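Coordinates in review
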Amino acid sequence: MVLALTVCGIVVALVVLGLFVFGLRRRLIQRSGGTFDCSLRWDAPEQGDTSGKGWAYGVARYNGDRVEWFRVFSYAPRPRRVLERSAIEVAGRRLPDGEEELALLSDAVILACLHRGTRLELAMSEDALTGFLAWLEAAPPGQRVNVA
């Protein structure tokens, strides 16, 4: 009986510790400011695929001329993807359709982009999208920006 209680106590402590580390990591990512909730679909299929597959929920952070994207459900301290402002080409925007509506946050708008030849899609709120597009257009003189 004592062994079972000890094992249960250890399991509960590990779960609490894991949740604490998730929260601490998110806090550290947001510490420098300029963050927004953003789902990402890397190597996105051509238009017309609304299956909802491939989306990963995350947090994006502005860092100079880059946007760093972190998975929410990860312990990794480094960003999973880094997008350089000069390499982002906006191909269009659309609303989620089909099963995507279940895979994304309720107020999401999808922005189709190309980054160094890789097709990707970012899903974020309308406010975050406005900020993201403003950040893209605010590139220093001499840098090309492709916003459709």
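Residues numbered from 1 in each chain as written. Predicted model: local features only at pLDDT ≥ 70, side-chain atom pairs only at ≥ 80, totals over all residues. Heavy atoms only, no water.

**Considerations on the pattern of salt bridges**
Summed over the entire model, instances satisfying the criterion amount to 10 salt bridges. The shortest N-O distance in the salt bridge between Arg 66 and Glu 68 comes to 2.8 Å. With a relative accessible area of 33%, Arg 66 lands in the partly exposed category. For Glu 68, a relative accessible area of 4% puts it in the buried group. A salt bridge links Glu 100 to Arg 94, with the nearest nitrogen and oxygen atoms 2.8 Å apart. Glu 100 sits in the buried class, given a relative accessible area of 0%. When its relative accessible area of 26% is taken as the criterion, Arg 94 is described as partly exposed. Overlapping salt bridges, with partners in common, bring together Arg 41, Arg 94, Glu 100, Arg 119 and Glu 121 in one network. (Salt bridge = Lys/Arg side-chain N within 4 Å of Asp/Glu carboxyl O. Buried < 20%, exposed > 50% of the residue type's maximum accessible area, 1.4 Å probe, protein only.)

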